[in-house]
Structure formats: C-alpha cells, structure tokens
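# Notes for the structure review
Spelled out from the first residue to the last, the chains are:
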Amino acid sequence: MKNQLISIVLPVFNEEAGIQATIDTLLNYIEQQEENYELIFVDDGSKDKSVEIIKRALAQNDHIKLVEFSRNFGHQLAITAGLEYTKGDAVVVMDADLQDPPEVIPQMIKKWREGYQIVYGKRMQRDGETIFKKFTAKMFYRTFQKLATINMPLDTGDFRLMDRRAVQQLLKLHEKDPFVRGQVTWIGFKQTSVLYHRQERIAGETKYPLSKMIKLAVDGITSFSMKPLHFVNLFSVVPLTSGVFSLGYLIATSNYSFASIGITVLLFTLGLLMLSIGILGSYLGRVLDQVNNRPRFIVSKTEGFEERNKGIHHFSARQINN
Ligand code: UDP
Ligand code: MG
C-alpha cells in the first residue's frame with residue numbers, strides 16, 4: 001500500500017495560535033503510516049502569521065503544500081479549492097485546529113479499502129463547544145433533514161475521506177456558495193461513517209461566528225430544498241382567511257371599531273409578508289450569484305506543487321477529467 005497517496009486538505013483562517021501544533025502532529029502522524037501523504041493547506045485570507053508559519057514548515061518538508069486565496073472566501077470554498085489541488089487516491093478533509101483527530105484517518109482508510117468511496121466522521125461527542133453551538137447545530141441538522149431533498153447523515157461535519165472518483169464528481173458541481181457536506185451526500189456513491197470523539201480546539205477561537213453559521217445554514221437549505229418557497233404560498237392563507245372573517249364580522253355586526261383585531265391581523269400579515277420576501281430573496285440571491293458567473297474564488301499563489309500546477313488563478317482554468 002506504500003504506493004497509495006492520501007491527500008489531506010486543511011482550510012486555514014487566522015490559525016496562528018495552533019497551526020504549528022497541527023503541522024507537527026500531522027507530520028508525526030504521517031511518518032508512522034505506510035501510505036504516502038500530502039498535506040494541502042488552503043489559506044483563506046488569513047490576516048495573522050498562519051501563512052508565514054506554514055511556509056516555514058513547507059521549506060523543510062516536501063509533504064506540505066500551500067494554496068493561498070487572495071482574500072477570505074469562506075471555509076466551504078477553501079475546502080473546494082483544496083480538493084482541486086489534490087492528487088491522492090483518497091482525500092481527507094479536516095479542520096486545521098486538530099478538532100478532527102488524525103488517529104481516525106486509518107479507520108477511514110480501512111473502510112475505503114473495504115469498498116466505500118465516502119467515509120464520514122460522525123461525532124459522538126463534541127468537546128469544548130458552547131451549549132449554544134451544540135444546540136443550534138443539532139436544530140439545524142434536524143430541520144435540514146425535514147426540508148432537504150437529500151438524506152444527509154446526522155452529526156457529521158466536513159471531516160471525511162473521499163475516493164478520487166468521488167472527488168472528481170464533486171468538483172463538477174459548480175455552485176457558487178457550496179454546502180459541501182450536502183453536495184457529498186448528493187453525489188451518492190457507497191457511503192459509510194466512522195464514529196469519533198470531536199476534540200476541543202487546540203488553540204485560538206472558533207472562526208465560525210454566528211453570521212457565518214447563519215450563512216452556512218441558509219446556503220445549505222436554499223441549495224437542497226424548495227420547501228421554504230412553498231411556505232410562502234401557505235402564508236397567504238392567513239391574511240386571506242382573516243380578510244374573509246373580518247368582512248363577515250363587519251356585515252354581521254355593523255361594528256366598524258374592532259381596531260385591535262385589525263391591527264393584530266395586519267401586523268401578523270406584515271410579518272409573514274416580509275418573511276416571504278426574505279425567503280424569495282435568499283433564493284433569488286443564489287440565482288443572481290450563479291448568473292454573475294464570477295470565479296468562485298481566487299488563488300493568489302501556490303507553493304510546494306509541481307511546476308504544472310503553478311499559476312492557476314481560478315477553478316475553471318483547471319480541466320477535470322472523468
Ligand atoms: N475556516 C476557513 N475560513 C473561514 C472560517 C474558518 O478556512 O472563513 C477554517 C478554520 O481555520 C478551520 C475550519 O475552517 O480550520 C473550521 O473552522 P472552525 O474550526 O473555526 O469552526 P468550528 O470547528 O468551530 O465549527
Ligand atoms: Mg474547528
């Protein structure tokens with residue numbers, strides 16, 4: 001198995017506090033493995049010393065490669081970009097903060113060799129995360145399952161192994177704001193999971209503030225469910241029926257002074273109306289983004305790759321076979 005190559009993709013955003021430890025742990029890990037490894041760090045526009053630290057390590061070790069974005073494009077696109085630069089027979093995506101322990105990778109490889117093309121890391125426990133984060137994550141996955149047209153496994157994140165063939169198919173999906181874990185479910189293939197204990201972040205703070213969590217949730221739902229659009233139709237039932245009732249009330253009682261009821265209905269209707277416009281807007285925004293046809297991300301520089309991979313500025317420049 002020594003001739004098999006495993007690529008590890010690590011999105012990095014302002015991880016100076018822990019990145020050295022991540023590099024050391026991974027280098028130590030791959031030394032003990034029988035497969036060959038490449039470590040592809042994707043710098044998602046870090047403003048701290050993350051890149052400097054990675055470059056220093058890269059100069060001393062040729063397992064390490066670096067893809068630099070021209071600015072922050074977000075975690076999901078950093079994963080997508082990283083996948084494009086992989087050459088491995090299998091590819092593992094993991095956080096750069098050691099929350100996903102490398103010891104789980106051999107279990108994933110074992111499942112891969114049994115014939116599974118996608119092996120999810122399924123979190124059985126999450127350490128060091130706030131109750132709020134755990135609660136919102138749980139609610140999101142449950143809601144997503146009810147709404148979405150795909151059956152995404154519960155309690156999985158982006159820590160997973162994918163066979164080369166699956167990666168190539170995944171890269172054919174050109175969504176501007178990809179919800180990678182949804183896309184991975186969507187492409188199919190033989191999928192399974194391994195249970196793991198999600199560790200505490202090795203250093204620094206989460207790079208997923210509430211605003212990014214909301215964006216991820218909206219991207220996930222709007223890319224894999226049309227149901228919220230149908231809710232918009234349902235909402236119109238409320239003002240319509242209340243309208244009929246008020247008319248009946250007016251005619252029956254000749255009482256034109258039920259202002260409080262009127263205001264309640266009005267406010268409620270207004271709320272639903274705004275929500276409906278918001279839902280439409282989220283979908284419209286997605287369409288607009290796609291129509292604009294800008295590159296999904298811009299790579300400003302790569303280091304550590306062979307000559308032929310150098311100088312690629314955006315995704316569409318790269319030909320994907322198969
Ligand atoms: N990350 C990124 N771009 C971003 C936010 C995060 O590349 O805009 C990286 C981050 O450095 C980490 C991974 O994505 O390696 C997951 O982020 P984080 O660990 O902060 O999320 P959490 O584990 O708290 O959900
Ligand atoms: Mg993390």
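These figures come from a predicted structure and were not determined experimentally.

With that settled, the discussion passes to the nonpolar core. One finds I8, I23, F41, I64 and I105 to be the most contacted residues of the largest nonpolar core, which totals 34 residues. Setting aside residues no more than four positions away along its own chain, I105 makes contact with I8, Y29, Y37, V92, M94 and F159. Counting residues in hydrophobic clusters, the runner-up holds 28 residues, among them V42, I79, V93 and L170.

Pairing in this open sheet of 8 strands is mixed, and the strands run β7-β5-β6-β4-β1-β2-β3-β8 from one edge to the other. Where the open sheet ends on each side, the last strands, each with one partner, are β7 (191–198) and β8 (299–303). Strand-to-strand twist in this sheet, taken as the mean axis angle between neighbours without regard to direction, amounts to 20°. Pairing analysis gives 5 bridges linking strand β2 (residues 36–43) to strand β3 (residues 64–69), with the strands arranged parallel. Its bridge partner lying in β3, D43 is registered against E68. Running over the sheet, helix α1 (residues 19–31) touches β1 (5–12), β2 and β3 and is turned about 165° from β2. Of the strands in this sheet, β5 (118–126) and β6 (156–163) touch helix α5 (residues 131–147), which is tilted by about 135° from β5.

Following the UniProt record, one finds the feature "transmembrane region" (unreviewed entry) at residues 231–252 and 258–284. A helix fraction of 95% and a strand fraction of 0% characterise residues 231–252, whose end C-alpha atoms lie 32 Å from each other.

The next point concerns the site of ligand 1. In the vicinity of ligand 1, 19 residues are found, and the nearest of them are E15, D44, Q99, T206 and K207. The separation between an oxygen atom of ligand 1 and a polar main-chain atom of A96 is 2.9 Å. A distance of 3.0 Å separates an oxygen atom of ligand 1 from a polar atom in the side chain of R201. Bound to the protein, ligand 1 loses 96% of the 530 Å² it would expose on its own.

Basis of the calculations
- Residues numbered from 1 in each chain as written.
- Chains lettered and ligands numbered in written order.
- Predicted model: local features only at pLDDT ≥ 70, side-chain atom pairs only at ≥ 80, totals over all residues.
- Heavy atoms only, no water.
- Core = buried A, V, L, I, M, F, W, Y, C linked by side-chain atoms within 4.5 Å.
- Buried < 20%, exposed > 50% of the residue type's maximum accessible area, 1.4 Å probe, protein only.
- Contact = heavy atoms within 4.5 Å.
- Pairing = 2+ DSSP bridges.
- Helix = DSSP H or I, 4+ residues; strand = E, 2+ residues; numbered from the N terminus.
- Axes fitted to C-alpha atoms, helices over the stretch in contact; angles between N-to-C directions.
- UniProt positions renumbered as here; feature names shortened; annotations may be inferred.
- Near = heavy atom within 4 Å.
- Polar contact = N/O pair within 3.5 Å; in protein donor to acceptor, adjacent residues only side chain to side chain.
- Areas by Shrake-Rupley, 256 points an atom, 1.4 Å probe, with all protein chains shown as cover.

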